[in-house]
Amino acid sequence: MNDKLKEVLKMSIYLLVVLLLSLFIVTFIGQRTIVDGPSMEDTLFNNDNLVVDKLTYRFKAPKRFDVIVFPYQNAKRTYFIKRIIALPGETIYIDGDGNIFIDGELLEEEYGTEVTNYAGRAATPITLGEDEYFVMGDNRNNSTDSRFESVGNIKKNNIIGRAFIRLYPFNKIGFVKNIK
């Protein structure tokens, strides 16, 4: 075998290994995503670049207040980023004043100051199934989320992962605030 052929073979194997490793990382560990829209303001902003942690939920269940990424069921290649508000088996209700109740207890939130003007589906109590989550955007009055029939409750197997690190803009690099 001549030296040029050996070099081409070595380079081909190297590129194949890099490609397979990259595919493994993107499929099972993490992926980059870009925020599109204002629904998570003041936590995340339009055009923020994030790394989504796809590994954690393989070993433990999502927690209340985690910021997650999931596919929007009504449009291909469209993903939503929202905050988990209610967990499997819980009952969520939003009253006429915009207060959110989980199993009859007022939800204590540490982010956002906006009063929820639209209760949507949660204007009457919703009890979640054993693998369902209720999600809302932090910018409550500018978010299409579980309050709307088009989104509804999110099944655990539809959760891609949790927003983990903001990479861009550079002056805001850091971990995404998943409260508690």
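The rules behind each value
- Residues numbered from 1 in each chain as written.
- Predicted model: local features only at pLDDT ≥ 70, side-chain atom pairs only at ≥ 80, totals over all residues.
- Heavy atoms only, no water.
- Helix = DSSP H or I, 4+ residues; strand = E, 2+ residues; numbered from the N terminus.
- Buried < 20%, exposed > 50% of the residue type's maximum accessible area, 1.4 Å probe, protein only.
- Pairing = 2+ DSSP bridges.
- Phe/Tyr/Trp six-rings, centres within 6.5 Å; stacked < 30°, edge-to-face > 60°.
- Lys NZ or Arg CZ within 6 Å of the ring centre and 35° of its normal.

## Quick look at unusual backbone geometry
In this chain, Glu41 is followed by Asp42 through a cis amide linkage whose omega measures 10°. Looking at the element boundaries, Asp42 is found in the loop between β1 (30–34) and β2 (49–53). Residue Pro169 follows Tyr168 across a cis peptide bond; omega there is 10°. As for its position among the elements, Pro169 is in the loop between β11 (161–168) and β12 (174–175). In this structure, Phe65 is a non-glycine residue whose phi angle is positive, near 80°. Take Phe65: it is sitting in the loop between β2 and β3 (67–71). Of note in the backbone geometry, Asp103 takes a positive phi value of approximately 50° without being a glycine. Tracing the chain through its elements places Asp103 in the loop between β6 (100–102) and β7 (105–106).

## Regarding the pairing of strand β4 (residues 79–86)
In regular strands, side chains alternate between the two faces of the sheet. Counting buried positions along β4 gives 7 out of 8 residues, so the element sits mostly inside the fold. The sheet contact formed by β3 and β4 spans 5 bridges and is antiparallel. Each residue of the ladder has a partner; that of Val69, found in β4, is Ile81. Here 3 bridges tie β4 to strand β9 (residues 132–136), and the two strands are oriented antiparallel to one another. In the strand pairing of β9, Arg83 is matched with Met136.

## As for the packing of aromatic side chains
If you walk through the whole model with that rule in mind, you get 5 aromatic pairs. Note on Phe70 and Phe80: the rings are 5.9 Å apart at their centroids and 75° apart in plane angle, and the pair reads as edge-to-face. One end of the pair, Phe70, is in strand β3; the other, Phe80, is in strand β4, with 10 residues separating them in the sequence. Look at Phe70 and you get buried, because its relative accessible area is 1%. Classification of Phe80 as buried rests on a relative accessible area of 15%. Where Tyr118 meets Phe148, the ring centres are 5.0 Å apart and the plane angle is 35°; that geometry is what we call tilted. Of this pair, Tyr118 sits in the loop between β7 and β8 (126–127) while Phe148 sits in the loop between β9 and β10 (154–155); the two residues are 30 residues apart in sequence, bridging distant segments of the chain. Directly above the ring of Phe80 sits Lys82, whose terminal nitrogen or CZ lies 5.0 Å from the centroid.

## Looking at the pairing of β3
Burial runs high along β3: 4 of the 5 residues are buried. Examined bridge by bridge, β3 and β11 share 2 bridges and lie antiparallel to one another. Across the sheet, Val69 pairs through a bridge with Gly161, a residue of β11.

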